[in-house]
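Secondary and tertiary structure notes
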Amino acid sequence: MSQKSRLEKREKFKKSKSDSTAKVIGMLIFKNFLFFLWFIVDLVLELFLGWYLGEKRTCPPLKKDYFLVKSATELAEMIRTRKLTSYEVVKAYIDRVNEVNPVLNAVIDGPFMDALDEAREIDRRIQAGEVSEEEFKEKPFLGVPFTSKDSTAVKGKLYTFCILARKNVRAKEDAECIRLMKNAGAIILATTSIPEVNKWQETRNNLIGSTNNPYDTRRTVGGSSGGEVALIASASSPFGIGTDIGGSIRMPAYYCGLFGHKGTVKVVNTRGVTERTGEEEHTMVVAGPITRYAKDLLPLFKVMAGPKKTAELKLNSPVDITKLKYYYIDASGDLKTLPPNGEVKSAMQKVVAHFSELTKQSVEKVTLPGTEYTSKMWRYWMTQEPAIFNKLLGNGKRLNPLVEVFKKVTGQSEFTWAAIYSLIDELLPKENEKKMRQVTKECEEALEKLLGDDGILFYPSYPRVAPFHYAPLIQVYNFSYWALWNVLQNPATQVPLGLGSNGMPLGIQVVATKNRDLHCMKVAEEIERAFGGFVPPFVVERN
């Protein structure tokens, strides 16, 4: 090679390196500008909506029946040992629902008076000695009431998906998870509100309006299991059954200071969940428990999974959490979302420090390839779902998005703006299928390699505490902190971490590789033990 050629090659390399450096600096400047812009929008929304929505209110105090704040497993034990009757428990929860619902607006159907008849019969059998120890084992929640979201079928009860076209529709049979819970002795108490057909980050519909957060009624409970968390957090239900396609268990659980477990896909049969058959080949949807206490998660999840899956996942096995390896990620890097604020990061660091001390090993900060595309990945994989949002919203009829927009602006629409948003999304350019599948695969493989069969990942729940009502119409993509684990189909448990400076719940997600649901829930129990878990949004008034 001549001297001239070598010089030309060297100059070309320098220029390439210079261009690459300039590109990195430019991207860094752009990211910082975008995050600053999101910060300003967030600040303006907080100030404006806080003023617009008026005075803060919380749910009513608890004045009697203090057993309402006990765990589901404790209530089952008290009924079994005759310290409480099922009737007393069910009646107290019915009274509490009727007390808080005018404030929280969470109930679609119920509370059901026939629940009292079921409770009476259970009490009669227990008092007569007709319930054997074997039956108590087969029915671990005998006599304990529970609630479930409207979109999960309960035989004979409203099954509306919270759209006006179905306002009088009733389910012909129980969803599989409801059937299993009833077989475990639990008594259905009420069904609760959701966003239309479950597809939004707030629980608002044109059947009953907005559901309010029991910690601050100006703030959202999230979606889609919003009615569930409002009742559970306000001591109006001991536990509930949620479903999750983009954070719909974990988002509301975070906003209302509760535990929620999104299991590995297909562990819990989803027959009867928004008209699913339970045999769908490709789906992100799961059903799972929402509770006030970590110790309720595993017993409830075993009921919902059934004996076969319980055995396959070894859910009865002991776990030494000190032998697990721990990692954390403190931000997704997705430019469409806010980065977590200092309060959220501080809460995570407390967990990191605790597990570092517990295991005598450092909890390593890591990254995963592709998390910056989370919102795009989720949007793509939603197009691969067997259930079509448009047809569900139209109650079987395909809707024209442009027509529905016209109806909305002229005051003729049956739907909320959130539903219209989702229809408009159909008109926007699609995600690149090849790229999204490749990014998903790379992220999935990297997570599997990192965690293996003994690793746990701590991941932010959300960049802030629960936002004010209507804020998600502007901050559309922040939910992707939950949606990542739907895309990858991993188990993830939402864990509360006390209250922040404005009295709203903080929390964290505990993630493991597929079929390691047990590890997620056991780590959640340790976090509850270390940091206190659920903090009630109500005052307990004792005479």
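As a starting point, this report considers the structure included with it. Quantities reported herein were computed from a predicted structural model and do not represent experimental measurements. (Residues numbered from 1 in each chain as written. Predicted model: local features only at pLDDT ≥ 70, side-chain atom pairs only at ≥ 80, totals over all residues. Heavy atoms only, no water.)

Okay, the overall build of the protein next. Each helix and strand counted, the protein has 17 helices and 15 strands in total. Referenced to the eigenvectors of the C-alpha coordinate spread, the extents of the protein come out at roughly 105 × 65 × 50 Å. Counting across all 543 residues of the protein, residues that qualify as buried make up 56%. Pairs at least 24 apart in sequence give 77% of the contacts found in the protein among residues at least 6 apart. (Helix = DSSP H or I, 4+ residues; strand = E, 2+ residues; numbered from the N terminus. Buried < 20%, exposed > 50% of the residue type's maximum accessible area, 1.4 Å probe, protein only. Contact = heavy atoms within 4.5 Å.)

With that out of the way, let us pick up the pairing of strand β11 (residues 325-328). Inspection of the sheet shows β11 paired to strand β13 (residues 455-460) by 4 bridges, in the parallel sense. What sits directly across from Y327, in β13, is L457. Judged from the 2 bridges that link them, β11 and strand β12 (residues 364-365) form a sheet pairing that is parallel. Each residue of the ladder has a partner; that of Y327, found in β12, is E364. (Pairing = 2+ DSSP bridges.)

What follows deals with helix α7 (residues 226-233). With 8 of 8 residues buried, α7 lies mostly within the body of the structure. Every buried residue of α7 is listed here: G226, G227, E228, V229, A230, L231, I232 and A233. Just downstream of α7 lies A235, where phi reads positive at about 60°.

As a further point, take the environment of V476. With respect to the secondary-structure elements, V476 resides in the loop between β13 and α16 (480-488). Separated by 395 residues in the primary sequence, V476 and T81 have C-alpha atoms spaced 49 Å apart. Each residue touching V476, except ones within four places of it in the same chain, is listed here: W200, Q201 and Y421.

On to the sheet that holds strand β3 (residues 187-192), then. Strand order across the open sheet formed by 11 strands is β1-β3-β2-β8-β10-β9-β14-β15-β13-β11-β12, with mixed pairing between neighbours. Each edge of the open sheet is held by one strand with a lone partner, namely β1 (107-109) and β12. Here β1 runs beside β3; their pairing, made up of 2 bridges, is antiparallel. When the bridges of β3 are listed, V107 appears paired with T192. Sheet strands touched by helix α3 (residues 86-104): β1, β2 (145-149) and β3. Its angle to β3, the strand with the most contacts, is close to 10°. Each of β8 (239-244), β9 (259-262), β13, β14 (492-499) and β15 (505-511) touches α16; the most contacted strand, β13, lies at about 145° to it. (Axes fitted to C-alpha atoms, helices over the stretch in contact; angles between N-to-C directions.)

Two side chains with opposite charge may pair up if their charged atoms get near one another. As enumerated under the stated definition, the model contains 37 salt bridges in all. Note that R80 and E77 form a salt bridge whose closest N and O atoms lie 3.0 Å from each other. Linking R80 with E77, this pair stays in helix α2 (residues 72-80), spanning 3 residues, or about one helical turn. D95 is the partner of K91 in a salt bridge, and the nearest nitrogen-oxygen pair spans 3.0 Å. With K91 and D95 both in helix α3 and 4 residues apart, the pair spans about one turn of that helix. (Salt bridge = Lys/Arg side-chain N within 4 Å of Asp/Glu carboxyl O.)

Looking at where D244 falls in the secondary structure, it is placed in strand β8. There is a polar contact of 3.3 Å between the side chain of D244 and the backbone nitrogen of S248. When residues no more than four places from it in sequence are discounted, the contact partners of D244 are I249, R250, K262, M284, V285, V286 and N486. (Polar contact = N/O pair within 3.5 Å; in protein donor to acceptor, adjacent residues only side chain to side chain.)

Another point: the nonpolar core. Note on soluble globular proteins: their nonpolar side chains tend to be buried together. Counting 152 residues, the largest nonpolar core has L457, F458, W485, V523 and I527 as the members making the most contacts within it. Looking at which element gives the most residues to this core, the answer is α3, with 9 residues. (Core = buried A, V, L, I, M, F, W, Y, C linked by side-chain atoms within 4.5 Å.)

Moving on, we get to the pairing of β2. The buried fraction of β2 is high, at 5 of 5 residues. Relative to β3, β2 is paired through 5 bridges, and the arrangement is parallel. In the strand pairing of β3, S148 is matched with T191. Bridge count between β2 and β8: 2 bridges; the pairing is parallel.

Now for the packing of aromatic side chains. Tallying each qualifying case throughout the model produces 19 aromatic pairs. Ring geometry for F141 against F239: centres 5.8 Å apart, planes inclined by 50°, an arrangement best described as tilted. One end of the pair, F141, is in the loop between α5 (133-138) and β2; the other, F239, is in strand β8, with 98 residues separating them in the sequence. Overall, F141 belongs to the buried group, its relative accessible area being 1%. Under the relative-accessibility criterion, F239 is labelled buried at 0%. Where Y326 meets F458, the ring centres are 5.7 Å apart and the plane angle is 10°; that geometry is what we call stacked. Of the two residues, Y326 is situated in strand β11 and F458 in strand β13; the sequence distance between them amounts to 132 residues. (Phe/Tyr/Trp six-rings, centres within 6.5 Å; stacked < 30°, edge-to-face > 60°.)

Of the consecutive residues G110 and P111, the connecting peptide bond is found in the cis state with omega at 0°. Take P111: it is sitting in the loop between β1 and α4 (114-127). Along the chain, G223 connects to S224 via a cis peptide bond; the corresponding omega equals 5°. The phi torsion at K360 lies on the positive side, around 60°, for a residue other than glycine. The exposure class of K360 is exposed, given its relative accessible area of 62%. Of note in the backbone geometry, Q489 takes a positive phi value of approximately 70° without being a glycine.

Below, the discussion takes up α2. Among all positions of α2, only A72, L75, A76, M78 and I79 are buried. Down the axis, α2 shows its buried residues gathered within 165° of arc, on one side only. In this structure, the buried side of α2 is in contact with α3, α4, β8 and α9 (294-312). Just past α2, the residue R82 takes up positive phi, approximately 65°. (Arc of directions from axis to C-beta.)

This paragraph deals with the packing of helix α13 (residues 401-409) against helix α14 (residues 417-424). The geometry of α13 relative to α14 is characterised by a closest axis approach of 9 Å and an angle of 155° between their N-to-C directions. Comparing the axis directions of α13 and α14 gives the class roughly antiparallel. As α13 runs across α14, the sense of the crossing is left-handed. Taken together, the residues of α14 that come into contact with α13 (itself represented by P401, E404, V405, K408 and V409) are W417, I420, L423 and I424. (Parallel < 35°, antiparallel > 145°, perpendicular 65-115°, else oblique. Left-handed = near helix turned anticlockwise from the far one by under 90°.)

Any functional reading would require information beyond the geometric quantities listed.
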